[in-house]
Structure formats: C-alpha cells, structure tokens
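Residue-level listing of the chains:
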Amino acid sequence: MPAYAIAHLRDVTPHPDIPEYIERIGATMAPYGGRFLVHNTAHEVREGDWPGHVVLIGFPDIAAARAWWDSPAYQEIAPLRSRHITGDIILVEGVPEGYDPTATAAAMRTAFPS
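Residues numbered from 1 in each chain as written. Predicted model: local features only at pLDDT ≥ 70, side-chain atom pairs only at ≥ 80, totals over all residues. Heavy atoms only, no water.

> How would you sum up the pattern of salt bridges? Please name residues and give values.
Taken as a whole, this structure holds 5 salt bridges when the rule is applied. A salt bridge links R24 to E20, with the shortest nitrogen-to-oxygen separation between them at 3.0 Å. Taken together, the residues R24 and E20, both in helix α1 (residues 17-29) and 4 residues apart, mark about one turn of the helix. Taking relative accessible area as the criterion, R24 reaches 30% and is therefore assigned partly exposed. (Salt bridge = Lys/Arg side-chain N within 4 Å of Asp/Glu carboxyl O. Helix = DSSP H or I, 4+ residues; strand = E, 2+ residues; numbered from the N terminus. Buried < 20%, exposed > 50% of the residue type's maximum accessible area, 1.4 Å probe, protein only.)

Shown next, in the form of structure tokens:
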C-alpha cells in the first residue's frame, strides 16, 4: 500500500538553509522510492483554517517512508528546514486500490448503540 509524508509548514523565516534543503532532499528520497506529489503549489482552503503551505511526498509503502525519515541522509539535512520553518509532519499509510468507504461506514454503524 502506498504511504505518504504530509507536511503542513507555517511561519517560514527566509534563510539560505531553505534552498539548500530543497536542493538536497530529492537525493534523500530517491533510494526509498519517494517523490513529490505536492510541492510549492497553491492551495484553496474550502473549510476551516490552513495557514502556510502543504507538501505531500509519496512512497511505495509505510516501511519506505519510515526508512527515508530515519535515514542518516535525511536526518543530516532536516535541521536546514526545522531551524527556519515551523510545521507538522506526519507519515500515513494510504488505502488499497479499490477501497470502499461504505465498508468503513458499515463497521461504524455496528459500533453505535441502537
């Protein structure tokens, strides 16, 4: 199943470390099959509040996403970002192809008291 690294980045303090981080991150993702799905693009807030930027990186599976995050290559460059950008980053597993949300709804219905 695919997996994703999702970053909600806020409060960017411009600094030369940031372009260096962006230049180097691709090489850290490549060995794990990672690729940008969303990066440096505009977003539309349709509900709620979403200040800042979103980055979405796809991986073949959650093990690859974890291995990338924990890799010495990524951990070496991570401070270039984290010293100058506040944000939240999560790793999340995707759903299988053909996922049917009605099965999830049915399971939820059985948990509700009659």
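> I'd like a rundown of helix α2 (residues 62-70), residues and numbers included.
I62, A64, A65 and W68 are the residues of α2 that are buried. Each buried residue of α2 lies within a common arc of 160° when the element is viewed along its axis, so the set occupies one face. Tucked into the core, α2 has its buried residues touching β1 (3-12), α1, β3 (53-59), α3 (72-82) and β4 (85-93). Where α2 begins, the capping side chain belongs to D61, and its oxygen is found 3.2 Å from the backbone nitrogen of A63. (Arc of directions from axis to C-beta. Contact = heavy atoms within 4.5 Å. Polar contact = N/O pair within 3.5 Å; in protein donor to acceptor, adjacent residues only side chain to side chain.)

> Any details on the environment of D11? Residues and values, ideally.
Note on placement: D11 falls in strand β1. Overall, the relative accessible area of 56% leaves D11 in the exposed class. D11 sits 36 residues away from E47 along the chain, and the two C-alpha atoms are 21 Å apart.

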